[in-house]
Amino acid sequence: MTLDADRYQEQGYLVLPGFKSAADIAALRERALRIVDEFDPGEQRPVFTTEEQQRHVDDYFLDSGDQVRCFFEEEAFDDAGRLRVDKALAINKIGHAMHDLDPVFSAFSKGEALRGVAAALGLARPQVWQSMFIFKQPGIGGEVRWHQDASFFETDPITVTTFWFALEDATLHNGCLWAEPGGHRGPRGVLRERFVREGRRAWMEQVDPSPWPAADAAQAVPLEVEAGSLVVFHGLLPHYSAANRSDRSRHAYTLHVTDAASRYSPRNWLQRDETLPVRGF
């Protein structure tokens, strides 16, 4: 695949329209909804907290690296702990190993086209560590504060690259991504935080006090993209998405990929062993 690698190096991201077909998207969304329908949380209420410093880290999350698990939106419950909306409209995301464990997700997550993008971006030996189906539910889809994906997948040197697929049109109204062009390089291109794990504990620690971008046109741009688009971005690129207060969801699917030539930190929260080794595209 031909893409503008120079622009990627300069901006820290690329938008590739029409990367996935309507049929591919429909199959993935249908499978995700079936997983949610079959999900029985029982007495537990696993919530994905988008304010990372206050993330409720529990065993359900820590053990999800080689599983397929559902996490609720923070605003899905009332004060008494009851769901305020139907379960299908209450899930924040599914994670984190669908690309390895589910045939439909695996088919979407592999192939020559993705191998071509990875190669063009300089990923000589891509390894897909994590997959997430993000619902960004209408009305209650949570804000995801400014962050860098390298905080969660630290390598030496930093090689983590995000593959973000728009499964529905992503707009300013339903919580599209925002990014800081060029924020991955120069004096701004520093790792600000590191999400580390030690045994059954995990926490976010500050690495560098550099401020996050201001949410204005001077530092941040909205990435409004149509369904089927692929957005690829560098692990150090600061990005953000606002809460979704619209009446339309913003389904997306992400893969986090590193180069096996770099050293994957043993302190990263997600680790794999020989029972489910990390694979490429």
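Before reading further, recall that the structure is shown in the block above.
The structure presented is a predicted model; accordingly, all values stated were derived computationally and were not measured.

**Structural notes on the overall build of the chain**
For the chain, the helix and strand inventory stands at 6 helices and 15 strands. Expected size for 281 residues packed as a compact globule is a radius of gyration near 19 Å; at 18 Å, the chain falls within 12% of this value. C-alpha atoms of the chain, sized along the principal axes, occupy 50 × 40 × 40 Å. Of all 281 residues assigned to the chain, the portion counted as buried reaches 55%.

**A closer look at helix α2 (residues 22–38)**
Residues spaced three or four apart along an α-helix face the same direction, because each turn holds 3.6 residues. With 17 residues, α2 should cover 24 Å at 1.5 Å per step; its first-to-last C-alpha distance of 24 Å lies within 8% of that length. What α2 keeps buried is the set Ile-25, Leu-28, Arg-31, Ala-32, Ile-35 and Val-36. Down the axis of α2, the sector holding all buried residues measures 140°, keeping them to one side. Exposed residues on α2 whose side chains face more than 90 degrees from its buried face are Ala-22, Ala-23, Asp-37 and Glu-38. Elements in contact with the buried residues of α2: β2 (68–72), β3 (91–96), α5 (103–108), β4 (126–134), β7 (161–166) and β14 (252–259).

**A few points about the side chain of Asn-92**
Mapping Asn-92 onto the fold places it in strand β3. When its relative accessible area of 6% is taken as the criterion, Asn-92 is described as buried. Polar side-chain contacts of Asn-92 include one of 3.2 Å to the side chain of Glu-73.

**Some remarks on the sheet that holds β3**
Read across the open sheet, the 7 strands follow the order β1-β12-β7-β14-β4-β3-β2; overall the sheet is antiparallel. Lying at the two open borders of the sheet, with one neighbouring strand each, are β1 (13–16) and β2. Going across the sheet, the axis of each strand differs from the next one's by a mean of 20°, ignoring polarity. In this sheet, β14 lies alongside β4 in antiparallel orientation, the contact comprising 8 bridges. The residue of β14 that forms the bridge with Val-128 is Val-257. Against the sheet, α2 makes contact with β2, β3, β4, β7 and β14, and its axis sits at roughly 100° relative to β3, the strand it touches most. Against the sheet, helix α6 (residues 112–120) touches β1, β4, β7 and β12 (230–234), its axis set at about 140° to β7.

**Quick notes on unusual backbone geometry**
With an omega dihedral of 10°, the bond running from Gly-95 to His-96 counts as a cis peptide bond. Of note, His-96 is situated in strand β3. For the peptide bond that leads from Asp-156 to Pro-157, omega is -5°, which places it in the cis range. Position of Pro-157 relative to the elements: it lies in the loop between β6 (155–156) and β7.

**Observations concerning the pattern of salt bridges**
Going through the model one piece at a time under the given rule, you end up with 14 salt bridges. Arg-200 is the partner of Asp-59 in a salt bridge, and the nearest nitrogen-oxygen pair spans 2.9 Å. With a gap of 141 residues between them, Asp-59 in helix α3 (residues 59–62) and Arg-200 in the loop between β9 (193–198) and β10 (201–206) connect regions that are remote in the sequence. Under the relative-accessibility criterion, Asp-59 is labelled partly exposed at 44%. Where Arg-245 meets Glu-75, a salt bridge forms, and the shortest distance between an N and an O atom there is 3.0 Å. Here Glu-75 lies in the loop between β2 and β3 and Arg-245 lies in the loop between β13 (239–241) and β14, a separation of 170 residues in the sequence. Residues joined by salt bridges that share partners form a network here, namely Glu-154, Arg-194, Glu-205 and Arg-267.

**Focus: α6**
Among all positions of α6, only Leu-114, Gly-116, Val-117 and Ala-118 are buried. If you follow the buried residues of α6, they end up packed against β1, α5, β4, β7 and β12. One or two steps after α6, the chain reaches Gly-122, where phi turns positive at roughly 95°.

**Regarding the sheet that holds strand β5 (residues 144–147)**
Taken in spatial order, the 4 strands make up an open sheet running β5-β13-β8-β11, and their pairing is antiparallel. Bordering the open sheet on either side are β5 and β11 (221–223), each of which pairs with just one other strand. Mean inter-strand twist for the sheet, computed between neighbouring axes without regard to direction, equals 25°. Pairing geometry for strand β8 (residues 177–179) and β13, over 3 bridges, is antiparallel. Among the inter-strand pairings, Leu-177 is bridged to a residue of β13, identified as Ser-241.

What counts, and at which threshold
- Residues numbered from 1 in each chain as written.
- Predicted model: local features only at pLDDT ≥ 70, side-chain atom pairs only at ≥ 80, totals over all residues.
- Heavy atoms only, no water.
- Helix = DSSP H or I, 4+ residues; strand = E, 2+ residues; numbered from the N terminus.
- Rg over C-alpha atoms; globule rule 2.2 N^0.38 Å.
- Buried < 20%, exposed > 50% of the residue type's maximum accessible area, 1.4 Å probe, protein only.
- Expected span 1.5 Å × (residues − 1).
- Arc of directions from axis to C-beta.
- Contact = heavy atoms within 4.5 Å.
- Polar contact = N/O pair within 3.5 Å; in protein donor to acceptor, adjacent residues only side chain to side chain.
- Pairing = 2+ DSSP bridges.
- Axes fitted to C-alpha atoms, helices over the stretch in contact; angles between N-to-C directions.
- Salt bridge = Lys/Arg side-chain N within 4 Å of Asp/Glu carboxyl O.

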